[in-house]
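Reading the structure
The lines below spell out each chain.
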Amino acid sequence: MLSPNSTFYPRPLGVTPAASLPQSPSAPLETSRQLVASDERDAPYFRALEEVGIRLNGPQISAVRHGKGPLLTLAGAGCGKTTVLAARAGYLMEVSGAHAGSILLVTFTNKAATEMKDRIASLPGIRPAAARAVQARTFHSFALTLLRHYGVQEEIFGESRAQHTVLKMLLRQSGMSEAFQPESLLAMLSAWKMQGSETSDLPEKSQEERDAKRVLLGYEAWKRDRNKMDFDDILLRAAALLRDPAVLGPLQQRFQYIMVDEFQDTNSLQYEIVQKLAAAHRNLMVVGDDDQTIYTFNGARQESILEFDKVYPGARIVTLDINYRSDARILGLGSELVARNKRRRDKRLRAAGHRGDAPRFATPSNAEEEAAWVVNQLCQQVEEGLHTYRDIAILHRTASSSRAIFEQLVLKDVPFVQHGASPVFYDQSLIRPLMDHMRLSLNPRAVDALPSALGPLYVSRDAGLEWIQRSEEQQAKKYPLIHLAKWDKLKPFQQEQVKERIKLIKSLTKLKPVIAIQEMRRQFYDKYMESGDPSIFTHYKETMLETLDEFEAAAKKFETVEEFIQFADELSRRHREMESLRRSQDSDAVQLMTIHRAKGLEFPCVYWIGASEGIVPHSTALRQDIPEDQKAALTVQQTDAELDMALEEERRLAYVAITRAKQYLYVTSPASHHGKPADVSRFLLEAFGMEVPDKRKIREDGPTGNHASYGSGSSNWKGNGNTNGKANGNESRNGNVAYARSGSRPQGRDAVSPVQRGADQRSAIRQSDRRDFEVLDERDEDRLGERRGSGVIRNHTAFSTTGISQTTSSSSSSGSHSSGAERTETVAIWKCSSSTCKAWLRQKPDSASAKSSKKATSGPPPCPLCSGTMEASTRKVPVTGRFGR
């Protein structure tokens, strides 16, 4: 039974009451009104800005006034960099006399470019024609315009799903369908191109590298034959074009003033383009924050900022250090946290934002309880009028770590926007084969589940289904898969594997879901997913293993396979119903997104979930998780410095999460993660002044007994007999929760070969800089203006019986139905009897499926969220036209 009430405290678990809450100093109140004297030459410009409400502070004025030469503007989170960029463009035109067409302003997204144009157009004294003449573009837009000008007419091939389809076709034609994942190949190709390298130069030392290169060369040929190019090709070809002096010279002469936004996110190829354009005059202003460099997996280079004054000797450096976004205590927490990084430019932000509340912290037992606490609390906040749904953002580290919170939001009818929307967790391509094996155990003739069972048997899906269908027409079988055992295209050992797989499927209904999943992973699935060279594409495999571990964690709360499948199908059905109720982006809905996607955004109230070791910082950045004997076996050794860099990026990610909050910040640190104890994130403890020892060094030097403040079994903040943390307020409530509610992984999972497990861990460390593969395309999602929604509104409140009845009666009274009216139907449901839990499930109709499980009962199931009792009721829901799988 999950705890129904959350408890948030002023300090993280393990921080003593003597530790003071970090707080940023207050910023000075002087603005341009006091700082720019009326007799100064540029005073009229600043007075005009003040009249429209733009009052710049001291550092902002210094950046706006900069004339010629290189300028590095360090812009802390929420410090008004967009205002500075727009105001400087206006200053160059109005005060310095620069022609509007000589200004080039480059950023990363169409949204940012459009905002920049609007800001410039709204400046006093700037004529509309001049505002239009300023070139505010994304890198890709600028590069494409250049290519089009010089006659390049290829069509843009940028839809990732279409790219995956082409690669799957090429892999199938090459007989390597099971060897590589399309996502992995595209990630490798993109990283290679962003270094300025051609596909023909890909390495080919091993057979796996040669195979990958052959497929990718085929992909390039496919695009070339069809007159297409992708986003990476645009930058690569533009950079090549700029190497021609006849092309570069006129551009350098035209663009006399170049400004780059989000400079910390530039990759090598983008930086090369900027350097070439600015080489003749060096009038380059770059604006960025090295503390927000969180896209190194996408080619971003922190060195661009750290070494700017070395690349451009004599460059001015201005630090925008006055934050207008966050409460001083929220800002202080973020500043103190990121200050522990060594590879950064020193800066301390000062607070000028509206006062809110101090950050609050909680330690739920696991992800399920964490999700319940967060959703209950935010619902209470909305009911009390403290916030609207749109005020609230829930930030998570990886896609899989949002599974529990997604389920709570859906089943409790909380409207939310899922940015980077993906299928329901149980419908993901990685999870679905395991789900379908369990579906086949309940109904071996489930036609929709058969295709997923063929891949792990290394059988061609199309050909295998065709053989089964033809065989079924001749003689139907209880288990249609058995027809493969007589297919002459399969070798004898494959035919025997089919028989063994059917035996396994038959046995699954007798197991608890989590044991069934572990058994499938042990017998065949992990080996199937690990096909290919373990030293290549390891970033995908790390994400894969994390997702499968999350799948096991999700299954633990169910007693039978039938209950689990019914819950997953209900979630998918409700998801489809939500899809039919999309609303505009300004709808009142909670924002659910990864921390990476949240960069550049701000919200009155932020919930940062998963602030635990192994999540943030991510397991791939924790060197102590990799045993020394396995490190010694690595094909490519990573130095301590490289691993430290990975940990510093995780710390920057935590900083970004914290600084999205304006007035309210809630941080939750689950005490267990995927069934294993998890400490509160070291980043939080460091921010409160606690020293976190290097576990690797502890292991090398031997235990000293002096590291009780963090991490090991003797930790004084995990409730193992030491009561120092009790004064924190939550020690007695949660102190032993990691050990009481979670333990070691079950036997079935541990039975996986140690060699396989070692390969997984070596893979994780082999390319830890690629650990964030799942957010690979987030940075340039709208690179050229092809509209791609940033989120899907999931308005569950529209399911309410009252709301639908009102809509129906209104339509009826008018004599006709609106073209946009939703068709609904009344269905039987189970609803939770708890007043604090609003979960409901559609009742499963009595059918033959009930006979498939000896454990099937006629009574209500336990609530999937709080494990409480459920009672019969009815509900009106949208008719989506498809309620089965």
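Quick note: structure is the one above.
Within each chain, residue numbers correspond to sequence positions counted from 1 in written order. Only residues with pLDDT of at least 70 get local features here, since the model is predicted, and only at 80 or more are side-chain atom pairs given and counted; chain-wide, interface and lining totals rely on the full set of residues. Computation of side-chain values: all heavy atoms of the structure, hydrogens and water removed.

1. Details of the overall build of the chain
- Counting its regular elements, the chain contains 35 helices and 22 strands.
- In the chain, buried positions account for 57% of the 885 residues.
- Residues are treated as being in contact if the distance between any of their heavy atoms lies within 4.5 Å. Counting only contacts in the chain whose residues sit at least 6 apart along the sequence, the fraction spanning at least 24 positions is 80%. Secondary structure follows DSSP: runs of H or I at least 4 residues long count as helices, runs of E at least 2 residues long count as strands, and numbering of each begins at the N terminus. Note on classification: 1.4 Å probe, protein chains only; a residue is buried when its accessible area is under 20% of the maximum for its type, exposed when over 50%, partly exposed between these limits.

2. Comments concerning helix α18 (residues 403-411)
- A large share of α18 lies buried, amounting to nine of its nine residues.
- Among all positions in α18, only Arg403, Ala404, Ile405, Phe406, Glu407, Gln408, Leu409, Val410 and Leu411 are buried.
- Asp413, located one to two residues past α18, shows a positive phi value of around 60 degrees.

3. A few points about the sheet that holds strand β1 (residues 71-75)
- Taken in spatial order, the six strands of this open sheet run β3-β2-β6-β7-β1-β8, and their pairing is parallel. For this open sheet the edge positions go to β3 (135-138) and β8 (316-320), each flanked by a neighbour on one side alone. Put simply, the sheet's adjacent strands are angled 15 degrees from each other on average, direction ignored.
- Strand pairing is assigned whenever DSSP identifies at least 2 bridges connecting the two strands. Sheet topology note: the strand β6 (residues 257-260)/strand β7 (residues 284-288) ladder contains three bridges and is parallel. Residue pairing in the sheet places Val260 in a bridge with Val286 of β7.
- Packing of helix α5 (residues 110-121) onto the sheet brings it into contact with β2 (103-107) and β3, and relative to β3 it is tilted by some 165 degrees.
- Where helix α13 (residues 268-278) meets the sheet, it contacts β2, β6 and β7, and its direction lies at approximately 160 degrees from that of β6. To get an axis, a line is fitted to the C-alpha atoms, and for a helix only the part in contact is used. The angle between two axes follows their N-to-C directions and goes from 0 to 180 degrees.

4. Notes on the packing of aromatic side chains
- To pair, rings of Phe, Tyr and Trp, with the six-membered ring standing in for Trp, must have centres within 6.5 Å; the planes then decide the type, stacked if under 30 degrees apart, edge-to-face if over 60, and tilted in the middle. Summed over all chains, the structure comprises 26 aromatic pairs.
- For the pair Phe8 and Tyr666, a centre-to-centre distance of 5.2 Å together with 70 degrees between the ring planes defines the contact as edge-to-face. Of this pair, Phe8 sits in the segment before α1 (32-35) while Tyr666 sits in strand β16 (residues 661-668); the two residues are 658 residues apart in sequence, bridging distant segments of the chain. For the residue pair Phe8 and Tyr666, the accessibility class agrees, reading buried in each case.
- Ring geometry for Phe524 versus Tyr525: centroids 6.1 Å apart, planes at 85 degrees, classification edge-to-face.
- Should the NZ of a Lys or the CZ of an Arg lie within 6 Å of a ring centre and within 35 degrees of the ring normal, that charge is described as sitting over the ring. Directly above the aromatic system of Phe524 lies the positively charged group of Arg501, at a separation of 3.7 Å from the ring centroid.
- In this arrangement the basic side chain of Lys506 is found over the ring face of Tyr479, its NZ or CZ atom lying 5.0 Å from the centre.

5. Comments concerning helix α16 (residues 328-338)
- With 10 of its 11 residues buried, α16 lies for the most part within the structure.
- All of the buried residues in α16 are Ala328, Arg329, Ile330, Leu331, Gly332, Leu333, Gly334, Ser335, Leu337 and Val338.
- Of the surrounding secondary structure, the elements contacted by the buried residues of α16 are β9 (322-323), β10 (350-351), β11 (360-362), α28 (640-658), β16 and α29 (682-687).
- Measuring from the side-chain oxygen of the N-cap residue of α16 to the backbone nitrogen of Arg329 gives 2.8 Å; that N-cap residue is Asp327. N or O atoms closer than or at 3.5 Å make up a polar contact, with two conditions inside protein: a donor-capable atom paired with an acceptor-capable one, and, for residues adjacent in sequence, both atoms drawn from side chains.

6. Points about the side chain of Glu368
- For Glu368, the position within the fold is in helix α17 (residues 367-383).
- Looking at Glu368, the relative accessible area reads 14%, which means it is buried.
- A distance of 3.3 Å separates a polar atom in the side chain of Glu368 from a polar atom in the side chain of Lys557.

7. Structural notes on the packing of helix α11 (residues 231-242) against α13
- For the pair α11 and α13, the least separation of the axes is 10 Å and the interaxial angle reads 30 degrees. In terms of orientation, α11 lies roughly parallel with respect to α13. Crossing geometry of α11 relative to α13 is assigned as left-handed. Between α11 and α13, the residues in contact are Leu235, Leu236, Ala239 and Leu242 and Leu269, Gln270, Glu272, Ile273, Lys276 and Leu277, respectively.
- Throughout, the ten residues Ala, Val, Leu, Ile, Met, Phe, Trp, Tyr, Cys and Pro are labelled nonpolar, Asp, Glu, Lys and Arg are labelled charged, and all others, Gly among them, are labelled polar. Here the contact of α11 with α13 is composed, by residue class, of seven nonpolar, one polar and two charged. An angle below 35 degrees is treated as roughly parallel, one above 145 as roughly antiparallel, one from 65 to 115 as roughly perpendicular, and anything else as oblique. By convention, the crossing between two helices is left-handed when the near helix turns anticlockwise from the far helix through less than a right angle, and right-handed when the turn is clockwise.

8. Here's the deal with the packing of helix α8 (residues 160-173) against helix α10 (residues 207-225)
- Interaxial distance between α8 and α10 falls to 10 Å at its minimum, and their mutual angle equals 125 degrees. By the angle between their axes, α8 is oblique relative to α10. Along this stretch, α8 crosses α10, giving a crossing that reads as right-handed. In contact with Gln163, Val166, Leu167, Met169, Leu170 and Leu171 of α8, α10 contributes Val215, Leu216, Gly218, Tyr219 and Trp222.

9. Focus: the nonpolar core
- In terms of nonpolar packing, the biggest core is built from 87 residues, with Ile120 and Trp608 touching the most fellow members.
- Counting residues domain by domain, this core receives three or more from each of domain 1 (32-152 + 237-325) and domain 3 (360-415 + 588-688).
- As used here, the term nonpolar core means buried Ala, Val, Leu, Ile, Met, Phe, Trp, Tyr and Cys residues forming a set that is joined through side-chain atoms within 4.5 Å. The next biggest cluster of nonpolar side chains, apart from the first, holds 67 residues, and it includes Val424, Ile517, Val561 and Leu571. As used throughout, domain bounds are those supplied by an automatic or database domain assignment.

10. Description of the pairing of strand β14 (residues 590-594)
- Most of β14 is tucked away: five of the five residues are buried.
- The alternating pattern of β14 places Val590, Leu592 and Thr594 on one face and Gln591 and Met593 on the opposite face, and all of these are buried.
- Pairing analysis gives four bridges linking strand β12 (residues 392-396) to β14, with the strands arranged parallel. Following the sheet pairing, Ile394 is matched in β14 by Leu592.
- Relative to β14, strand β13 (residues 416-419) runs parallel, the two sharing three bridges. Note that in β14 the partner of Gln418 across the bridge is Leu592.

11. Points about the pairing of β7
- Counting buried positions along β7 yields five of five residues, so the element is predominantly enclosed.
- Alternating residues of β7 divide into Leu284, Val286 and Gly288 and Met285 and Val287, and every residue in both groups is buried.
- With four bridges joining them, β1 and β7 adopt parallel strand pairing. Counted as the bridge partner of Leu74 is Gly288 from β7.

12. Description of the pattern of salt bridges
- A carboxyl oxygen of Asp or Glu within 4 Å of a side-chain nitrogen of Lys or Arg is what we treat as a salt bridge. Throughout the structure, instances matching the rule amount to 53 salt bridges.
- Glu602 serves as the salt-bridge partner of Arg325, at 2.8 Å between the closest nitrogen and oxygen. Of the two residues, Arg325 is situated in the loop between β9 and α16 and Glu602 in the loop between α26 (595-598) and β15 (603-608); the sequence distance between them amounts to 277 residues.
- Residue classification places Glu602 among the partly exposed residues on the basis of a relative accessible area of 40%.
- With a closest N to O distance of 3.7 Å, Lys662 and Glu602 form a salt bridge. In this pair, Lys662 sits in strand β16 while Glu602 sits in the loop between α26 and β15, placing the two residues 60 residues apart along the sequence.
- A single network of salt bridges, built from pairs that share partners, joins Asp289, Asp290, Asp291, Arg344, Asp346 and Lys347.

13. What to know about unusual backbone geometry
- The omega angle of the peptide bond from Val616 to Pro617 is 5 degrees, so this bond is cis rather than trans.
- Despite not being glycine, Glu262 has its phi angle at roughly 50 degrees, a positive value.
- Secondary-structure assignment places Glu262 in the loop between β6 and α13.
- The exposure class of Glu262 is buried, given its relative accessible area of 11%.
- For Asp413, which is not a glycine, the phi torsion comes out positive at approximately 60 degrees.
- Following the sequence through the fold, Asp413 ends up in the loop between α18 and β13.
- According to the relative accessible area criterion, Asp413 is buried, its value standing at 11%.

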